[in-house]
Amino acid sequence: MKAFYKLVLGFTLTFSIGPSDIFAGKPVDMLAFSLPDGNGGLKLASRAGADKDWHSIGNFHSFLGSDYGAWGSGKKMHNVRIGQDAQGIYWVLFNPDKNGEVIAFTSSPDLEHWTPQEYRRSDSDYMKELPSSLILESLSDTSVQGKDVKGSVITVDSDLISRLDGLVHYQAIKNAKNDERTDQDPWRFKDLKPLTATVTLDKNGAKPISDEFIGIFFEDINYGADGGLYAELIQNRDFEYSDKDRKEWTPTSYWIAKDLSLSIDTSNPIHPNNANYAVCKTEDRSGYLTNEGFDGIVVKKGEKYLFNLFGRAVSKTSLKVSLIDKDGKVLAQTKINVPAGSEWSKLDSSLISKADCSNACLQIEIPAKSEVSLDMVSLFPEKTFKGRKNGLREDLAQTLADLHPKFMRFPGGCVSHGNGIDNIYDWKGSVGPLEARKPLPNLWGYHQTRGLGFYEYFLFCEDLGMQPLPVLAAGVPCQNSSHHSKYTHDELTANGQQCGIPLEDMPAYIQDILDLVEYANGPADSEWGRLRAEAGHPEPFNLKYLGIGNEDLISQTFKERFKMIRDAVNAKYPDITVVGTVGPFFEGSDYEEGWKFAHKENVEIVDEHYYVAPGWYVNNRNFYDNYDRKGPKVYLGEYASHYPGRESNLECALSIGLYLTDVERNADVVTMTSYAPLLSKKGRTQWRPDLIYFDNESISVSPDYYVQQMYGANPGSTYIPSSIALHEKCCGKCGRTPKEISADDVTNRFGISTVVDETTGDTIVRIANLLPVEVDVNLEGYPSGMSEITVLTGNPRDTKVEPSVSKTEINGSVSVPAYSFTTMRILSNQ
Ligand code: AHR
């Protein structure tokens, strides 16, 4: 790809030479095709006149990708057929599966913008859904520039081929812009001298902005919940691990049995949601059941650990429960007595560790000639965040609190809508007594106990003063689902694509969603409010937002279900603001169709996502400037900056700091933002970059964490626009007027946002400098006085960096270092 950019940037535009130049305005044949392995999407080629050979347009450029199926195994395109209807609209049909059971179709006015793909079984009557005037060309085998391919041919005007060539060039230039990075600065800015910036406030342009600008996105990805924020120390406490979570897992995974027979029974469980339990039988000597937790259990000298399990025994049995280190040394010990009989008893005890240990195990000793059944074997540090029972890991929760987030999204991400309908996150399975909660396979390849469920989430929001923002599925699972579960439906196809909860099941699904609002806000004597009260919280949680959908394919199936849900929520709970979705990206068919739909349906807020390179943020700073002020608001619900390969460093964080100055300028439209993902356990990372990395003992935060914190800790409620004039810094001796710098390369890398925190009257100035030179900033029209200044700076490649914090008198100017993000809080009350 790089070589390709070089061609573009080096102005060697050789690949545009083809029949289009010779036969402008003439009819030419255009071949639509895909490659034999199905990868790489829709390709186009042309030939004109007597020419027998096909010329690939844009060197096998992809004009359309397949959206079908899971990443990795799916997203293929075979047997491409193209046609045009009476309106001149192009239609493309293809098989996303090699055996041709599924047919995919989409249309486009220009071969650039496409409608969201629809999928049908190829034995269905799908042709009835297409325009009757569509003339679909037949499939043939041919060869393009030495590659054997399958495709179909239509005749088009050669101007179209020229336009497509232009599109390819344009996209290559855009890609090259996205690929801009500070490594190139020694060349890009070889003549750049230190600068001055004169920033002039325009107080007349002040406007109110959202005071919920910075929030957090929580998803159980990268072991964010179980083994992470959720403080439970035992892994597979419920014996519910299975091959549905991960191929190699069984109900006894992470348990080691010595001198006892360990089997799994389901005949008389504590609760049907928690079907498995362990049966341990010993013979002539004691046996041991050991759990190593999530990569070892960390215990601290003198600290208390709360132990409990559900048990029953054939005859009364005394269990010795110990925390041991790797050499078998006992760190703490207690005993519990398991009563005889067929009833389950919940048995509690506690252990105080005699020493620090980072990789302890829990060991349960079962005496000789015994038979005991065990389930929900749990060990919690007594010290959790705010001392909550079944609570959160104190240091991690505090790290989140230190971001000062105004809202929290939960349970995801893809976890919300799941891998197939049977994996949609059903909130009801995540509340109530732990032993009755319904574990759920996590689509990131592990197990969700859902001990950190909706109750714990609402409580954490309350503890941190955040608005809860639950995101529930719009009646459709993830568009990258690998299967359809048990459901079949007319419009469903074979395995592997977003489908919908069958319409006859939608009323029950919608009722579940309404019940969540009642659970959060309903009186303590309402059906679902009662459950909240029983958990210890009779007061409502004051839920005001409800997200419906995540990165969905904006298909008919989605639209129909989203509308049903939203109408029902609006009718019963008019005060709840529904947040919709516009697909997984900042452009493309779901984004376009999602916005059309959101406008038509007057959706209050829509969720946008993008994970892109720092160069994208630098070069798209006006992204929201022209958004319709009267249309739906935006929740920028997932975003991050990373290089190809997903590396991230200070440069990426600074690009976000810079871009957020622009988003904040538009915070009358973009009312909420959350960086994603939030948490990642070292050695268990599935997605990068993340805001916070941790292991069982320690936490290290990314440079991005500090950018989020600098915004979060300094929220504004009024935005004051400013203009920026950049000049070369002058020595003041020669008398010449300093040169104004207006080159986009430079101005795009310097940004300011000024807000007022109306609760304190403080003025907050954020200055992002992605230039390799220091900038002296003259502040025209700003208040002066004592200011708290936080500066994040370093080598752009740094992955570990901390901001410096100081307090100083500001009087009309400040200097910001090269490659820095600065927050200046000018205190009103000095
Ligand atoms: O943040 C990680 C994932 O990215 C989310 O689960 C999903 O919504 C997005 O694709």
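Residues numbered from 1 in each chain as written. Predicted model: local features only at pLDDT ≥ 70, side-chain atom pairs only at ≥ 80, totals over all residues. Heavy atoms only, no water.

**Notes on the overall build of the chain**
Here comes step 1: Check the secondary structure of the chain and you find 15 helices and 45 strands.
Here comes step 2: Relative to its length of 830 residues, the chain is compact, with a C-alpha radius of gyration of 30 Å against a globular reference of 28 Å.
Here comes step 3: A total of 830 residues make up the chain; the buried ones form 58% of that total.
Here comes step 4: Within the chain, counting contacts between residues at least 6 apart in sequence, those at least 24 apart form 72% of the total. (Helix = DSSP H or I, 4+ residues; strand = E, 2+ residues; numbered from the N terminus. Rg over C-alpha atoms; globule rule 2.2 N^0.38 Å. Buried < 20%, exposed > 50% of the residue type's maximum accessible area, 1.4 Å probe, protein only. Contact = heavy atoms within 4.5 Å.)

**Section: the confidence of the model for the chain**
Here comes step 1: Of the residues in the chain, 95% reach a pLDDT of 70 or more, and the chain-wide mean stands at 94.
Here comes step 2: Contacts of residues 1-21 to residues separated by more than four positions or lying in other chains number 32 contacts, the stretch itself having pLDDT below 50. (pLDDT = per-residue confidence, 0-100.)

**Observations concerning the packing of helix α8 (residues 506-521) against helix α10 (residues 556-572)**
Here comes step 1: In the contact formed by α8 and α10, the axes pass within 10 Å of each other and the chain directions differ by 40 degrees. Considering their axes alone, α8 and α10 lie oblique with respect to each other. Seen from above, α8 lies across α10 with right-handed handedness. When α8 is examined against α10, the residues M506, Y509, I510, I513, L514 and E518 are found in contact with a partner set consisting of R561, M564, I565, A568, V569 and K572. (Axes fitted to C-alpha atoms, helices over the stretch in contact; angles between N-to-C directions. Parallel < 35°, antiparallel > 145°, perpendicular 65-115°, else oblique. Left-handed = near helix turned anticlockwise from the far one by under 90°.)

**A word on the sheet that holds strand β4 (residues 78-84)**
Here comes step 1: An order of β7-β6-β5-β4-β8 is seen for the five strands of this open sheet, with the pairing classed as antiparallel. Looking at which strands have only one partner, the edges of the open sheet turn out to be β7 (118-121) and β8 (135-136).
Here comes step 2: Here four bridges tie strand β6 (residues 102-108) to β7, and the two strands are oriented antiparallel to one another. What sits directly across from V102, in β7, is R121. (Pairing = 2+ DSSP bridges.)

**Topic: the site of the ligand**
Here comes step 1: Around the ligand, the neighbouring residues are F217, E219, I221, G413, C414, W444, N550, E551, Y611, E638, P677 and W687.
Here comes step 2: Within the contact set of the ligand, an oxygen atom lies 2.7 Å away from a side-chain nitrogen or oxygen of Y611.
Here comes step 3: At 2.6 Å from an oxygen atom of the ligand is found a side-chain nitrogen or oxygen belonging to E638.
Here comes step 4: In the complex, 95% of the free accessible area of the ligand, which totals 280 Å², lies under the protein chains.
Here comes step 5: Class assignment for the residues of the shell around the ligand results in seven nonpolar, two polar and three charged. (Near = heavy atom within 4 Å. Polar contact = N/O pair within 3.5 Å; in protein donor to acceptor, adjacent residues only side chain to side chain. Areas by Shrake-Rupley, 256 points an atom, 1.4 Å probe, with all protein chains shown as cover. Nonpolar A, V, L, I, M, F, W, Y, C, P; charged D, E, K, R; others polar.)

**Description of the nonpolar core**
Grouped burial of nonpolar side chains is what soluble globular proteins tend to show.
Here comes step 1: Counting residues in each nonpolar core, the largest one holds 119 residues, and the members touching the most others are F454, Y610 and Y624.
Here comes step 2: Those residues in contact with Y624 that lie beyond four places of it in its chain are E608, Y610, R629, V634, L636, Y659, V663, N666 and V670.
Here comes step 3: In this structure, C280, V321, L362 and I364 belong to the second largest nonpolar core, which totals 32 residues. (Core = buried A, V, L, I, M, F, W, Y, C linked by side-chain atoms within 4.5 Å.)

**Details of helix α9 (residues 527-534)**
Here comes step 1: Among the residues making up α9, those that are buried are W528, G529 and R532. What you see down the axis of α9 is that its buried residues fit within an arc of 105 degrees, all on one side. Structural note: α9 exposes E527 and E534 on the side pointing more than 90 degrees away from its buried face.
Here comes step 2: Immediately downstream of α9, the backbone of G536 shows phi near 115 degrees, a positive value. (Arc of directions from axis to C-beta.)

**Structural notes on the pattern of salt bridges**
Here comes step 1: Considering all chains together, one arrives at 51 salt bridges under this definition.
Here comes step 2: Notably, a salt bridge pairs K207 with D668, separated by 3.3 Å at the nearest N-O pair. Here K207 is found in strand β12 (residues 207-208), whereas its partner D668 is found in the loop between α13 (650-665) and β33 (670-673), with 461 residues between them in sequence. Just as K207 is buried, D668 falls in that class too.
Here comes step 3: Within the structure, one salt-bridge network assembled from shared partners comprises K563, D567, K600 and E601. (Salt bridge = Lys/Arg side-chain N within 4 Å of Asp/Glu carboxyl O.)

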